[in-house]
Amino acid sequence: MIYGGDGLGRLPANEQGQGKAVFVPFVLTGEEVSVSVVEERPGYARARLQEVVAASPVRTVPPCPYFSRCGGCHYQHTSYDHQLRIKSDILRETLQRTAKLTLESELQVHASEPWAYRNRTRLKVRSAPDFALGYYAFGTHDLLPVEECPISSLLINRALETVWEIGRVGRVPGTLREVQFFANHDDSALLLELYIDRNAPPDDFRAFAEALRKVMPQVIGVVAFQSAASNEAEGDRAPLLNSLTGPGLAFGENQLAYKVGDNEYRVSAGSFFQTNRFLASKLLELVTGGRKGGTALDLYAGTGLFTVPLSRTFERVTAVESAVFSYSDLKHNTPRGSRAIHGSTDEYLSKIAGNSRFDLVVVDPPRSGLGERTARALSRLKTPRLTYVSCDPSTLSRDLRVLLESGFRVEQAHLVDLFPQTFHMESVFQLVR
């Protein structure tokens, strides 16, 4: 099994006795399968599963009726325990291959509730020839109508059902392109973000918002943004700023109060926040628990998930965030005595140029990782401890190679499964020097 959800196998041998490598989704290690080749390149092929000839003993029946047709999940055909083993093996192999790192300490794995864990779900909308709400079908940009999503929270699923009901009677405007549901910590309140055609008057959505809030009082707000069609992949951590043209028009509230442990955060429409409602506290504990000192630096700080608790145990915390909406929340959430800075990590690091000392640096970059320039700038910082929160093992391994060469070593390694049923994984690496 490889990162991305596919299985890596071999096609039958050719006349030269060689079998080309083939990537096949929805298979498991050790299985013999019948496939149809859908793409052939000089060094490899991609194929579609036709039949499982010899099944793995850990293969299970997927509980979701859309699995394998929907592009969101990749591992529902096996047990959750086995999913964790797959991810652990992939993380270890990627670290060894790219960073030349063999973990000396144990890789600690933190499991999630495997279902109903998502607090944020974004779906496409079709208005003609008939209404439909759904995800992209696997491997395409064709809409697959979806009426339930078992990895999303119960409140989000109720809202899905309600939007379908409103849409079937023609009460959803034809200029709606996407809708994002965002539920709070205890699944008691819901904020909707609507992404509409750039030339659509946002006020056209007032009737839709009022109808939805009348049926579901848990919907505390509906915010309409004029936006282009989104190219964001499911689970992408990048903020929505690039597709937004303004603060949006709100019907009701435009923000949620979200609690993680003893901390409460304001999270506005358009801001990024962690999507797993069961593991947010564990992630917070792994990054901030037991950490204290004089100064800390929180880079890619988002709305301040780590900044807020660090501000209680450090004399001064500096938090840096580039996205407009997330920075607004970060500034609101950051306690007095700490500082929120609006700008990119690269800009901030170039200004201080390694002249500042921090007792702890926390980085939580998007899927693209730090990049060599930022990793080298971090290496020059006067800090004995750096915590790297990653959502992509490939970019993590690339960046770790630079950091390890500069004298850091891995003290602890954690796999935090924020995305069950999918190939996505979160990890937390505690580095010291």
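Residues numbered from 1 in each chain as written. Predicted model: local features only at pLDDT ≥ 70, side-chain atom pairs only at ≥ 80, totals over all residues. Heavy atoms only, no water.

Notes on the overall build of the chain
Part 1: Helices and strands together make up the secondary structure of the chain, namely nine helices and 21 strands.
Part 2: Per-residue burial over the chain gives 56% buried out of 433 residues.
Part 3: Restricting to contacts in the chain with at least 6 residues of sequence separation, those with at least 24 account for 63%.
Part 4: Entry remark: accessible area of the chain is about 18,900 Å², with carbon and sulfur atoms responsible for 48%.
Part 5: Side chains of the chain give 49 positive and 49 negative charges; the mean places of these two sets differ by 5 Å. (Helix = DSSP H or I, 4+ residues; strand = E, 2+ residues; numbered from the N terminus. Buried < 20%, exposed > 50% of the residue type's maximum accessible area, 1.4 Å probe, protein only. Contact = heavy atoms within 4.5 Å. Areas by Shrake-Rupley, 256 points an atom, 1.4 Å probe, with all protein chains shown as cover. Lys, Arg positive; Asp, Glu negative; His and termini not counted. Charge placed at Lys NZ, Arg CZ, Asp CG, Glu CD.)

A short note on the sheet that holds strand 18 (residues 360-363)
Part 1: Pairing within the open sheet is mixed, and its eight strands lie in the order 5-20-21-19-18-15-16-17. Bordering the open sheet on either side are strand 5 (107-110) and strand 17 (339-342), each of which pairs with just one other strand. Taking each pair of neighbouring strands and ignoring which way they run, the sheet shows an average axis angle of 15 degrees.
Part 2: Lying on the sheet, helix 4 (residues 280-288) is in contact with strand 5, strand 18, strand 19 (385-390), strand 20 (409-416) and strand 21 (426-432); it crosses strand 21 at an angle near 10 degrees. (Pairing = 2+ DSSP bridges. Axes fitted to C-alpha atoms, helices over the stretch in contact; angles between N-to-C directions.)

Structural notes on the confidence of the model for the chain
Part 1: Summing up the model confidence of the chain, the mean pLDDT is 92 and the portion of residues at 70 or higher is 94%.
Part 2: Residue range residues 229-246 is modelled with pLDDT below 50. Its contacts to residues more than four positions away, or to other chains, number 43 contacts. (pLDDT = per-residue confidence, 0-100.)

Considering the sheet that holds strand 3 (residues 32-40)
Part 1: In spatial order, the strands read 1-2-4-3; together these four strands make up an open sheet with mixed pairing. In this open sheet, the two edge strands, each paired with only one partner strand, are strand 1 (6-10) and strand 3. Averaged over all pairs of adjacent strands, the angle between their axes in this sheet comes to 40 degrees, without regard to strand direction.
Part 2: In this structure, strand 3 lies alongside strand 4 (residues 44-54), joined through eight bridges in antiparallel fashion. By the bridge assignment for strand 4, Glu39 is matched with Arg46.

Topic: the environment of His110
Part 1: On the secondary structure map, His110 appears in strand 5.
Part 2: For His110, a relative accessible area of 12% corresponds to the buried category.
Part 3: Separated by 172 residues in sequence, His110 and Lys282 have C-alpha atoms that sit 8.2 Å apart.
Part 4: Setting aside anything within four residues of it in sequence, one finds His110 in contact with Leu279, Lys282, Leu286, His414, Leu415, Val416 and Asp417.

Considering the side chain of Gln430
Part 1: Along the chain, Gln430 turns up in strand 21.
Part 2: Under the relative-accessibility criterion, Gln430 is labelled buried at 0%.
Part 3: For Gln430, the side chain forms a polar contact with the side chain of Arg291, separated by 3.4 Å.
Part 4: When neighbours within four sequence positions are excluded, Gln430 is seen to be in contact with Leu286, Val287, Arg291, Arg385, Leu386, Thr387, Arg409, Val410, Glu411 and Gln412. (Polar contact = N/O pair within 3.5 Å; in protein donor to acceptor, adjacent residues only side chain to side chain.)

Some words on the environment of Gly369
Part 1: Inspection of the secondary structure assignment puts Gly369 in the loop between strand 18 and helix 8 (372-380).
Part 2: Remark: the alpha-carbon pair of Gly369 and Pro393, spanning 24 residues in sequence, is separated by 9.4 Å.
Part 3: Once you skip the residues sitting within four places of it in the chain, Gly369 turns out to touch Tyr388, Thr395, Arg398 and Asp399.

Some remarks on the packing of helix 7 (residues 345-352) against helix 8
Part 1: The geometry of helix 7 relative to helix 8 is characterised by a closest axis approach of 10 Å and an angle of 35 degrees between their N-to-C directions. As helix 7 packs across helix 8, the resulting crossing turns out to be left-handed. Across the interface between the two elements, Thr345, Asp346 and Leu349 from helix 7 touch Arg373, Thr374, Ala377 and Leu378 from helix 8.
Part 2: Taken together, the residues of the contact of helix 7 with helix 8 break down into three nonpolar, two polar and two charged. (Left-handed = near helix turned anticlockwise from the far one by under 90°. Nonpolar A, V, L, I, M, F, W, Y, C, P; charged D, E, K, R; others polar.)

Overview of the pattern of salt bridges
Part 1: Summed over all chains, the structure comprises 19 salt bridges.
Part 2: In this structure, Arg46 engages Asp6 in a salt bridge whose closest nitrogen and oxygen atoms are separated by 3.6 Å. Within this pair, whereas Arg46 is found in strand 4, its partner Asp6 is found in strand 1, the two being separated by 40 residues in sequence.
Part 3: Linking Arg122 and Glu178 is a salt bridge whose minimum nitrogen-to-oxygen distance equals 3.1 Å. (Salt bridge = Lys/Arg side-chain N within 4 Å of Asp/Glu carboxyl O.)

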